[in-house]
Amino acid sequence: MMQFGIFSVGDVTPDPTTGRTPTERERIKAMVAIALKAEEVGLDVFATGEHHNPPFVPSSPTTMLGYIAAQTERLVLSTATTLITTNDPVKIAEDYAMLQHLADGRVDLTMGRGNTGPVYPWFGKDIRQGINLAIENYALLRRLWTEKVVNWEGKFRTPLQGYTSTPAPLDGVPPFVWHGSIRSPEIAEQAAYYGDGFFHNNIFWPADHTKRMVELYRNRYAHYGHGTPEQAIVGLGGQVFMRKNSQDAVREFRPYFDVAPVYGHGPSLEEFTAQTPLTVGSPQQVIEKTLSFREYAGDYQRQLFLMDHAGLPLKTVLEQLDILGEEVVPVLREEFAKGRPANVPDAPTHGSLLAAKNVRAAEAAAQEGARA
Amino acid sequence: MKLVVVSAGLSVPSSTRLLGDRLAAATVARVPGEADVQVVELRDLAVEIAHNFTNGFPGPRLSAALGAVEAADGLIVVTPVFSASYSGLFKSFFDVLDKDALVGKPVLLAATGGSARHSLVLEHALRPLFAYLRATTVPTAVYAASEDWGADGLAERTERAAGELAGLLGVWPPAGAGAGAGAGAGSRSGEAYESGVPSGPEVPSAPGAEAAPGSGAELPPVVPFEQQLAALRP
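Keep in mind that what you see is a predicted model, and the values were worked out from it rather than measured.

What counts, and at which threshold
- Residues numbered from 1 in each chain as written.
- Chains lettered and ligands numbered in written order.
- Predicted model: local features only at pLDDT ≥ 70, side-chain atom pairs only at ≥ 80, totals over all residues.
- Helix = DSSP H or I, 4+ residues; strand = E, 2+ residues; numbered from the N terminus.
- Buried ≥ 20, exposed ≤ 12 C-beta atoms within 10 Å, placed from the backbone.
- Contact = placed C-beta atoms within 7 Å.
- Rg over C-alpha atoms; globule rule 2.2 N^0.38 Å.
- Arc of directions from axis to C-beta.
- Pairing = 2+ DSSP bridges.
- Nonpolar A, V, L, I, M, F, W, Y, C, P; charged D, E, K, R; others polar.
- Axes fitted to C-alpha atoms, helices over the stretch in contact; angles between N-to-C directions.
- Parallel < 35°, antiparallel > 145°, perpendicular 65-115°, else oblique.
- Left-handed = near helix turned anticlockwise from the far one by under 90°.
- Expected span 1.5 Å × (residues − 1).
- Core = buried A, V, L, I, M, F, W, Y, C linked by C-beta atoms within 7 Å.
- pLDDT = per-residue confidence, 0-100.
- Right-handed = clockwise from strand over helix to strand, strands pointing away.

Caption draft 1: Main features of the overall build of chain B. Each helix and strand counted, chain B has seven helices and seven strands in total. Secondary structure of chain B in N-to-C order comes out as β-α-β-α-α-β-β-α-β-α-β-β-α-α. Here chain B holds 234 residues, and 42% of them are scored as buried. Taking all contacts inside chain B whose residues are at least 6 apart in sequence as the whole, residues at least 24 apart take part in 68%.

As structure tokens, this is what we get:
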């Protein structure tokens, strides 16, 4: 099964059509409403960004995700991304294990390095060590989640002696981890080394770039003996705006696109949709474009869409989610399942990871028994 | 042998382009064997260059131009003088080029202007820019004021600069050929060209066999994770 969901940057952006800027409270509550809507319309995943500067609100992902967990039943709660560079890995270990218990295992994370340079000095870190921080912090995080008592010494953090992270992960199974990177091969390599997932945000760059990063990850995943390249765990971003008639979608979205953070004031909507995965049009066009991702990324496990940004009003975003959940994702599920090789794994969940752990334990016990 | 002329001239026809063409012709005449000359007119790429700043990635035509520059054996760069320096468009092109794309590459500097009073812009503005990019600039830079097109001297300077560029092209290993290529011709295959295969924790950032960042054509070589991890052990 592929997973479909949404990821939110959490930007507070004026609605260019009205000039009105939501308050932080409104934006935070809107993110929650969007997450609840995602479950209601049958999506699988909600992921929040993590930012520590205006105009973004989600500085405290586990607080928000815990609040959403209490009001949902099925939705997997994730991040896009968790700053593995500037957060203390000890606190990540604790916060997300706690969330995992509260959410009955409906938790995974995407590690990232952030896109805001000053966050490093604000949190006492050196941006030139970004990759190294991601490597060392994550190596420690894994130990905290898998070892009862950790003695540790590294370059970037005070040493640990006799440290036990509490609570331990639910059922002894740490949350599944994706590593997100737009352009750093080192991060694809890191994901491959551990057999973790690799998430490419995919929305600002041409497809051939995403293709090279995913190929690198798949080949290195196989190199490290986790399976064939086709069995690596890949997630992709996407970005859509839909109306029944594609002209209506273009007309309605253009004022938001033209001044949007990141790509606003740059290329035209037409140029950007031609060069990147952004799709503005009918649900059928979104279906076709999204299905085409498989041509360059292979059969993959998770598709997240960016739906709530650039000042789009909550009402509009909720309408978009209705279309996504009712008209687009059911077709995508069906179409992506066609021709999908049987050995391509499903997106990992707490349930699947726990089952795999139990199988390993049973095999170990059987071997032990055979020796005895 | 691939020679690329980068011209930031704006008018059509442009004396900046004309100077680039003459320098290219003089260089080709001195290089043995086949020479492939490609001219990159920045005027045609102005909008994509601006979009690269706002988007973070090059459009298709700019991507092709950046790739051509990275793959070139030598460059001739020509800018009009604007406000006492190279033009903003000229600088912007090299701003979106990968910072390692020109490492060791022979570059002939040239500029045009209304009068000879601006000629030292070559030494005060262009040469430091290409020094920063670690290119190998040829000693003679060529400036053409309007009056030079009807006077003695420009042809001589053109020939001298072209001769110097041709000389460097003879000893420099072709970009992208990796270790060993042309090594016998001199000692210029320095550490930047030693190998495209990582053998230690340092990432070879030079344009070796696998690396051609910036154009988006290839990913840089990947350092095995164990090495990255080991380098962090206290």
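Structure shown, so let's carry the discussion forward.
Caption draft 2: Expanded view of the overall build of chain A. Within chain A one finds 12 helices and 12 strands. For 372 residues, the compact-globule estimate of 2.2 N^0.38 gives 21 Å, and chain A sits close to it at 21 Å. Across its three principal directions, the C-alpha atoms of chain A cover 70 × 50 × 40 Å. Considering only contacts in chain A between residues 6 or more positions apart, those separated by 24 or more positions represent 73%.

Caption draft 3: How the structure looks around helix H2 (residues 61-69) of chain A. All names here are of chain A. Looking only at H2, the buried set comprises Pro61, Thr62, Met64, Leu65, Ile68 and Ala69. Along the axis of H2, the buried positions cluster into a sector of 160 degrees, meaning they face one direction only. Elements that come into contact with the buried residues of H2 comprise helix H1 (24-40), strand S2 (45-48), strand S3 (76-79), strand S4 (82-83) and helix H3 (89-102).

Caption draft 4: Inspection of the pairing of strand S5 (residues 108-112) of chain A at higher detail. Residue and element names in this part refer to chain A. The buried fraction of S5 is high, at five of five residues. Alternating residues of S5 divide into Asp108, Thr110 and Gly112 and Leu109 and Met111, and every residue in both groups is buried. Where S4 meets S5, two bridges bridge the pair, whose relative direction is parallel. Across the sheet, residue threonine 82 finds its bridge partner in S5, namely methionine 111.

Caption draft 5: Just the interface of chain A and chain B, in detail. Facing the 24 residues of chain A at the interface are 16 residues of chain B. Every element with two or more residues in the side of chain A that touches chain B is listed here: helix H5 (130-146), helix H6 (185-194) and helix H7 (207-223) of chain A. A total of five residues in the side of chain A that touches chain B trace back to one element, the largest contributor, which is H6(A). Here the residues of the side of chain A that touches chain B sort into 10 nonpolar, seven polar and seven charged.

Caption draft 6: Geometry of the packing of H1(A) against helix H11 (residues 314-337) of chain A. Residue and element names in this part refer to chain A. Two numbers describe how H1 lies on H11: the axes approach to 10 Å, and their chain directions differ by 15 degrees. Relative to H11, the element H1 lies roughly parallel. Judged by the sense of rotation from one axis to the other, the crossing of H1 with H11 is right-handed. Contacts from Ala30, Ala33, Ile34, Lys37 and Ala38 in H1 reach Leu314, Val317, Leu318 and Leu321 in H11. Classifying every residue of the contact of H1 with H11 gives eight nonpolar, no polar and one charged.

Caption draft 7: Looking closely at unusual backbone geometry. Thr166(A) connects to Pro167(A) through a cis peptide bond whose omega is -10 degrees. Relative to the elements of secondary structure, Pro167(A) occurs in the loop between strand S7 (160-163) and strand S8 (176-180). Note the cis peptide between Val12(B) and Pro13(B), where omega equals -5 degrees. With respect to the helices, strands and loops of the structure, Pro13(B) is situated in the loop between strand S1 (2-7) and helix H1 (15-28). For Asp171(A), which is not glycine, the phi dihedral falls at a positive 60 degrees.

Caption draft 8: Local environment of helix H12 (residues 350-371) of chain A. With 22 residues, H12(A) should cover 32 Å at 1.5 Å per step; its first-to-last C-alpha distance of 32 Å lies within 8% of that length. Little of H12(A) is tucked away: one of the 22 residues are buried.

Caption draft 9: How the structure looks around the nonpolar core. Formed by 90 residues in total, the largest nonpolar core has its most connected members in Ile6(A), Ala38(A), Phe46(A), Leu77(A), Phe198(A), Tyr217(A) and Val234(A). Sorting elements by how many residues they give to this core places H5(A) first, with eight residues. Not counting residues within four places of it along the chain, the set of residues in contact with Ile6(A) comprises Ala38(A), Leu43(A), Phe46(A), Leu304(A), Phe305(A) and Met307(A). Leu3(B), Leu62(B), Val81(B) and Leu109(B) belong to the second largest nonpolar core, which has 52 residues in total.

Caption draft 10: Molecular detail of the confidence of the model for chain B. Residues and elements named next belong to chain B. With 80% of its residues at a pLDDT of 70 or more, chain B shows a mean pLDDT of 83. Per-residue pLDDT stays below 50 along residues 172-216; that stretch engages in 96 contacts with residues further than four places along the chain or on separate chains. For this predicted complex, the interface score ipTM comes out at 0.77, while the overall pTM is 0.82.

Caption draft 11: Region of the structure containing the environment of Val40(B). All names here are of chain B. Position of valine 40 relative to the elements: it lies in strand S2 (residues 36-41). Residues valine 40 and alanine 65 lie 25 residues apart in sequence; the distance between their C-alpha atoms is 6.4 Å. Once residues within four sequence positions are removed from consideration, valine 40 is found in contact with Val4, Val5, Val6, Ser7, Ala65, Ala68 and Val69.

Caption draft 12: Structural detail: the environment of Thr82(A). Residue and element names in this part refer to chain A. Relative to the helices and strands, threonine 82 is located in strand S4. On a C-alpha basis, the gap between threonine 82 and lysine 289 in space is 28 Å, while along the polypeptide they are 207 residues apart. Beyond its immediate stretch of four places on either side in the chain, threonine 82 contacts Glu50, Pro61, Asn87, Ile92, Leu109, Thr110, Met111 and Gly112.

Caption draft 13: Expanded view of the environment of Ser115(B). All names here are of chain B. Locating serine 115 in the fold gives a position in the loop between strand S5 (106-113) and helix H5 (121-132). Look at serine 115 and you get exposed, because 11 C-beta atoms sit within 10 Å. Along the sequence, serine 115 and leucine 62 sit 53 residues apart, while their C-alpha atoms lie 32 Å from each other.

Caption draft 14: Quick peek at the pairing of S1(B). Residue and element names in this part refer to chain B. The element S1 is extensively covered by neighbouring structure, given that five of its six residues are classed as buried. Sheet topology places S1 next to S2; six bridges connect them, and they run parallel. Bridging from a neighbouring strand, valine 6 pairs with valine 40 of S2. Chirality of the crossover, the property in question, places the unit of S1, H1 and S2 among those that are right-handed.

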